[in-house]
Amino acid sequence: MTDVPKFGLLFGMALLDVKIIPDPILRVTTEKVEVFDQKLHTFLDDMYETMIDAIGIGLAAPQVGSTQRIAIMDLTIEGVPYPAITSLSGKDASAHVYNGRLELINPVLVSKGAIVPSDEGCLSIPDYRDSIKRPGTVVITAQDRRGDEYKVEAEDLAAFCIQHEMDHLDGVLFVDHLSRLKMQLFRRWCAKNGFEWQPRIGS
Ligand code: CO
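Here is a short report on the structure shown in this document. Fair warning: this is a prediction, and the values are worked out from it, not measured in the lab.

## Some words on the layout of surface pockets
Okay, so step 1: In this structure, the largest pocket encloses a volume near 380 Å³.
Okay, so step 2: Taken together, the elements giving at least two residues each to the lining of the largest pocket come down to strand S6 (115-122), strand S7 (125-135) and helix H2 (156-168).
Okay, so step 3: Across the lining of the largest pocket, the residue classes break down as 10 nonpolar, 6 polar and 5 charged.

In structure tokens, the structure reads:
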């Protein structure tokens, strides 16, 4: 992470620079987090500050220039169904939720449900929203900031958000899921709005 803190220094936190397409870091496959130390906690707090500042409900590490396998999600947004959280570490389930946010470290997909429409946007593609199709339910496991493992069963917006953020950890953007016709319209939107679109290599 090479970002220079811009604000929030008085509070020991920093807003990180949000990467926009076609920044190549948005296409990397992230690396597993092995060390759960204060440096990680500071990074998670900075990610959270950045997400709130940008008015997002989820954020993945590559979006702020990091190649760590980390995503966060705000659970306090009204209208987002609260996912069912089960501890796999013998803890109380609430121990895995940090200040109303879900910190998904090294998340792994366990199962997914039927495909449904999902209306999405992304902080790395400013001001673009579109409808794609994804599983409407998802079960994943992840580690929290202490490294304790937990399971999440999510539906609807929470499930879409988890999948959207997990995609980021493998270099996938939500627009990669667009139908062929919608992709043509999206490319036109990019050209009109001064964004350079680069498809994922191998897709
Ligand atoms: Co995104």
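## Re the side chain of Ser118
Okay, so step 1: Structurally, Ser118 is set in strand S6.
Okay, so step 2: Note on Ser118: relative accessible area 1%, which makes it buried.

## Digging into the pattern of salt bridges
Okay, so step 1: In the structure shown here, the tally under the stated rule is 14 salt bridges.
Okay, so step 2: Between Arg145 and Asp45 there is a salt bridge, and its shortest N-O distance comes to 2.8 Å. Here Arg145 is found in the loop between strand S8 (137-143) and strand S9 (149-155), whereas its partner Asp45 is found in helix H1 (residues 38-53), with 100 residues between them in sequence. The burial state of Arg145 is the same as that of Asp45; both residues are buried.
Okay, so step 3: A salt bridge links Asp148 to Lys91, with the nearest nitrogen and oxygen atoms 2.8 Å apart. With Asp148 in the loop between S8 and S9 and Lys91 in the loop between strand S3 (84-87) and strand S4 (97-98), this pair connects stretches of sequence that are 57 residues apart.
Okay, so step 4: Each member of the salt-bridge network shares a partner with another, and the members are Asp45, Arg101, Glu103 and Arg145.

## Some words on unusual backbone geometry
Okay, so step 1: Between Ile21 and the following residue, Pro22, the backbone shows a cis peptide bond with an omega angle of 5 degrees.
Okay, so step 2: Phi is positive for Asn106, which is not a glycine, with a value near 55 degrees.
Okay, so step 3: Its place among the elements puts Asn106 in strand S5 (residues 101-112).
Okay, so step 4: Residue class for Asn106 comes out buried when judged on its relative accessible area of 7%.
Okay, so step 5: In this model, Asp156 sits at a positive phi of 55 degrees, which is unusual for a non-glycine residue.
Okay, so step 6: Mapped onto the secondary structure, Asp156 falls in helix H2.

## A short note on the coordination of the cobalt ion
Okay, so step 1: Distances from the cobalt ion to its protein donors, Cys122 (SG), His164 (NE2) and His168 (NE2), fall at 2.1 to 2.3 Å.
Okay, so step 2: Taken in sequence order, the residues that donate to the cobalt ion follow the motif C-x41-H-x3-H. One end of the pair, Cys122, is in strand S6; the other, His168, is in helix H2, and 46 residues separate them in sequence. The two residues Cys122 and His168 agree in class, both being buried.

## Let's talk about the environment of Thr76
Okay, so step 1: Relative to the helices and strands, Thr76 is located in the loop between strand S2 (70-74) and S3.
Okay, so step 2: Once the C-alpha coordinates of Thr76 and Ile57 are considered, the two residues, 19 residues apart in sequence, prove to be 9.0 Å apart.
Okay, so step 3: There is a polar contact of 2.7 Å between the side chain of Thr76 and the side chain of Asp74.

## As for the packing of aromatic side chains
Okay, so step 1: All chains considered together, the criterion is met by 6 aromatic pairs.
Okay, so step 2: When the ring of Tyr128 is compared with that of Trp189, the centres are 4.8 Å apart and the planes differ by 55 degrees; the resulting orientation is tilted. Of this pair, Tyr128 sits in strand S7 while Trp189 sits in helix H3 (residues 180-193), and the two are 61 residues apart along the sequence. Residue Tyr128 shares its accessibility class with Trp189, and that shared class is buried.
Okay, so step 3: Three or more aromatic residues joined by ring pairs form one cluster here, namely Tyr128, Phe174, Phe186, Trp189, Phe195 and Trp197.
Okay, so step 4: The ring of Tyr48 carries the charged tip of Arg101 above its face, separated from the ring centre by 3.9 Å.
Okay, so step 5: The ring centre of Tyr98 lies 3.6 Å from the NZ or CZ of Arg145, which sits over that ring.

Parameters at a glance
- Residues numbered from 1 in each chain as written.
- Predicted model: local features only at pLDDT ≥ 70, side-chain atom pairs only at ≥ 80, totals over all residues.
- Heavy atoms only, no water.
- 1 Å grid on protein atoms, 1.4 Å probe; cavity = no way out; pocket = protein on both sides within 12 Å on 5 of 7 lines; lining within 4 Å.
- Points joined across faces, edges and corners; volume = space filled by probe spheres on them.
- Helix = DSSP H or I, 4+ residues; strand = E, 2+ residues; numbered from the N terminus.
- Nonpolar A, V, L, I, M, F, W, Y, C, P; charged D, E, K, R; others polar.
- Buried < 20%, exposed > 50% of the residue type's maximum accessible area, 1.4 Å probe, protein only.
- Salt bridge = Lys/Arg side-chain N within 4 Å of Asp/Glu carboxyl O.
- Donors = N, O, S within 2.8 Å, 3.2 Å for Na, K, Ca; no water.
- Polar contact = N/O pair within 3.5 Å; in protein donor to acceptor, adjacent residues only side chain to side chain.
- Phe/Tyr/Trp six-rings, centres within 6.5 Å; stacked < 30°, edge-to-face > 60°.
- Lys NZ or Arg CZ within 6 Å of the ring centre and 35° of its normal.

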